[in-house]
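Fold and contact review
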Amino acid sequence: MEKKNIDWANLGFGYVQTDKRFVSNYKDGAWDEGALISDANVVISECAGVLQYSQSCFEGMKAYTTEDGHIVTFRPDLNAQRMEDSCRRLEMPVFPQDRFVDAVCQTVAANEAYVPPYGSGATLYIRPYMFGSDAVIGVSPATEYQFRVFVTQVGPYFKGGVKPLTIRVSDYDRAAPHGTGHIKAGLNYAMSLYPIMEAHRQGFDENLYLDPATRTKVEETGGANFLFVTKDNKVVTPKSGSILPSITRRSLVAVARDYLGLEVEEREVYLEEVKDFAECGLCGTAAVISPVGRINDHGKEICFPSGMEKMGPVIQKLYDTLTGIQMGRIQAPEGWIKVIK
Ligand SMILES: *Cc1c(COP(=O)(O)O)cnc(C)c1O
């Protein structure tokens, strides 16, 4: 297939409309067959559940062109499972997991011309999402829903080389202890916009959120999980019921253990001990791992020995191995790579 004439290396990170999107509607207790359509606009009631009470959830994943020219996606079964978890917590109907994976594959295949070529550094970002679409005025779940998948090509995350981030310990909270922090709900992002913009206005890249109950333990940032490396090369990642279970983080933990032979601890991490770590990174689909160089805790600085110029050595190895698996250069564990074409 002829690729679109796109300057892949200079793509940014914004939404660009592509040709086809998948849409399925839920009505009278059942999902319809769904279809690929060309219209990128959504028309819903002015009183739709999503507009009044934010009944929506989403997923984020990517498609890649591998070294041998296949188009693949990474562990879509885990996105399907996580979306099911999100839907249940938000009283939304579950879109069956096998149909979720099929819809993702169909949407990517229909937009094959937008899948960036191997080696370009660009990828195809995939956004499955669901929202309550019929009118709701008393507070209750909608009775009609729309499940959609669109794709948009995105540029290399680290343009012009990796730049370690400077983050700050936030005075705001991301997720209440028994709230919705563990699901991918739009509402978790709505309330994070003010704290992230405040962080940017003060010169920081991200917020480190603490556990709201004691404000002593590291949770995550607005959209990425933490991964630390100890001075003796142990990988440590925070455990909490209000962290969003990042698929990237879970995969990196497996890579650390099974590919790099490193010890891994998933446990509560106290802010107090962060100064003793050798490396720090943020895990998510967008960047895989963004290295953190510096954490500012109300004026007190924690500077990691890996510095502000490059990734630390263990995080670099984790990054290289996981991206190698995604791009087909390194043998993947059973079931991690779903070949679309
Ligand atoms: C999506 C998300 C992540 C990253 O998850 P991945 O599955 O690795 O992309 C981390 N934290 C939050 C709050 C998220 O919404």
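Anything mentioned here points back to the structure above.
Here the structure is a predicted model, which means the values were calculated and not measured.

Scoring rules and cut-offs
- Residues numbered from 1 in each chain as written.
- Predicted model: local features only at pLDDT ≥ 70, side-chain atom pairs only at ≥ 80, totals over all residues.
- Heavy atoms only, no water.
- Helix = DSSP H or I, 4+ residues; strand = E, 2+ residues; numbered from the N terminus.
- Rg over C-alpha atoms; globule rule 2.2 N^0.38 Å.
- Buried < 20%, exposed > 50% of the residue type's maximum accessible area, 1.4 Å probe, protein only.
- Contact = heavy atoms within 4.5 Å.
- Lys, Arg positive; Asp, Glu negative; His and termini not counted.
- Charge placed at Lys NZ, Arg CZ, Asp CG, Glu CD.
- Near = heavy atom within 4 Å.
- Polar contact = N/O pair within 3.5 Å; in protein donor to acceptor, adjacent residues only side chain to side chain.
- Areas by Shrake-Rupley, 256 points an atom, 1.4 Å probe, with all protein chains shown as cover.
- Nonpolar A, V, L, I, M, F, W, Y, C, P; charged D, E, K, R; others polar.
- Expected span 1.5 Å × (residues − 1).
- Phe/Tyr/Trp six-rings, centres within 6.5 Å; stacked < 30°, edge-to-face > 60°.
- Salt bridge = Lys/Arg side-chain N within 4 Å of Asp/Glu carboxyl O.
- Axes fitted to C-alpha atoms, helices over the stretch in contact; angles between N-to-C directions.
- Parallel < 35°, antiparallel > 145°, perpendicular 65-115°, else oblique.
- Disulfide = S-S within 2.5 Å.

1. Some words on the overall build of the chain
Per the secondary structure count, the chain includes seven helices and 17 strands. Rg of the C-alpha trace for the chain: 20 Å, near the compact-globule value of 20 Å for 341 residues, within the 12% margin. Counting only C-alpha atoms, the chain reaches 55 × 50 × 35 Å along its principal axes. Taking all 341 residues of the chain together, 53% fall into the buried category. Taking as baseline every contact in the chain between residues at least 6 positions apart, the subset at least 24 positions apart corresponds to 72%. For the chain, the distance from the average position of its 36 positive side-chain charges to the average position of its 43 negative side-chain charges is 2 Å.

2. Examining the site of the ligand
Lining the immediate surroundings of the ligand are 15 residues, of which Lys184, Tyr189, Ser246, Thr248 and Thr285 lie closest. Measuring from an oxygen atom of the ligand, one finds a side-chain N or O atom of Ser246 at 2.6 Å. Computed on the free molecule, the ligand has an accessible area of 380 Å², of which 96% lies beneath the protein chains in the complex. Of the residues assigned to the shell around the ligand, the class counts are four nonpolar, seven polar and four charged.

3. A few points about helix H6 (residues 247-258)
The terminal C-alpha atoms of H6 lie 16 Å apart, and with 12 residues this matches the ideal 16 Å at 1.5 Å per residue to within 8%. Summarising burial for H6: nine of the 12 residues are buried, a large majority. Among the residues of H6, Ile247, Thr248, Arg249, Ser251, Leu252, Val253, Ala254, Val255 and Ala256 are the ones counted as buried. Taking the backbone nitrogen of Thr248 as reference, a side-chain oxygen 3.2 Å away marks Ser246 as the first, capping residue of H6.

4. A few points about the packing of aromatic side chains
Under the criterion given, the structure shown has 15 aromatic pairs. Considering the side-chain rings of Phe100 and Phe147, the 6.0 Å spacing of their centres and the 45° angle between planes classify their relative orientation as tilted. Highlighted residues: Phe100 in helix H3 (residues 97-110) and Phe147 in strand S8 (residues 145-154), separated in sequence by 47 residues. A relative accessible area of 1% places Phe100 in the buried class. Linked through ring pairs, Phe22, Tyr26, Trp31, Phe95, Phe100, Tyr145 and Phe147 together constitute an aromatic cluster.

5. Digging into the pattern of salt bridges
A complete count under the given rule lists 16 salt bridges for this structure. The closest approach of N and O atoms between Lys234 and Glu263, which form a salt bridge, is 4.0 Å. Remark: Glu263 occurs in the loop between H6 and strand S13 (264-267) and Lys234 occurs in the loop between strand S11 (225-229) and strand S12 (235-238); sequence separation between them is 29 residues. In this structure, Glu265 and Lys234 form a salt bridge, with 3.5 Å as the shortest nitrogen-oxygen distance. Of this pair, Glu265 sits in strand S13 while Lys234 sits in the loop between S11 and S12, placing them 31 residues apart in sequence. Here the residues in one salt-bridge network are Lys234, Glu263, Glu265, Arg267 and Glu273, joined through shared partners.

6. Side note on the packing of H6 against helix H7 (residues 313-326)
Contact pair H6 / H7: the axes reach a minimum separation of 10 Å and the direction vectors enclose 105°. In terms of their interaxial angle, H6 and H7 are classed as roughly perpendicular. Counting all contacts with H6, which are made through Thr248, Ser251, Leu252, Val255 and Ala256, the residues of H7 involved are Leu318, Thr321, Leu322 and Ile325. The residue inventory of the contact of H6 with H7, partitioned by class, reads six nonpolar, three polar and no charged.

7. Side note on the state of the cysteines
Evaluation of the coordinates by the stated rule reveals zero disulfides. Cysteine Cys57 remains unbridged, with the sulfur of Cys87 as its closest cysteine sulfur at 3.9 Å. Judged by relative accessible area, Cys57 falls into the buried class, the value being 1%. With no disulfide of its own, Cys303 has Cys280 as its nearest cysteine by sulfur position, at a separation of 12 Å.

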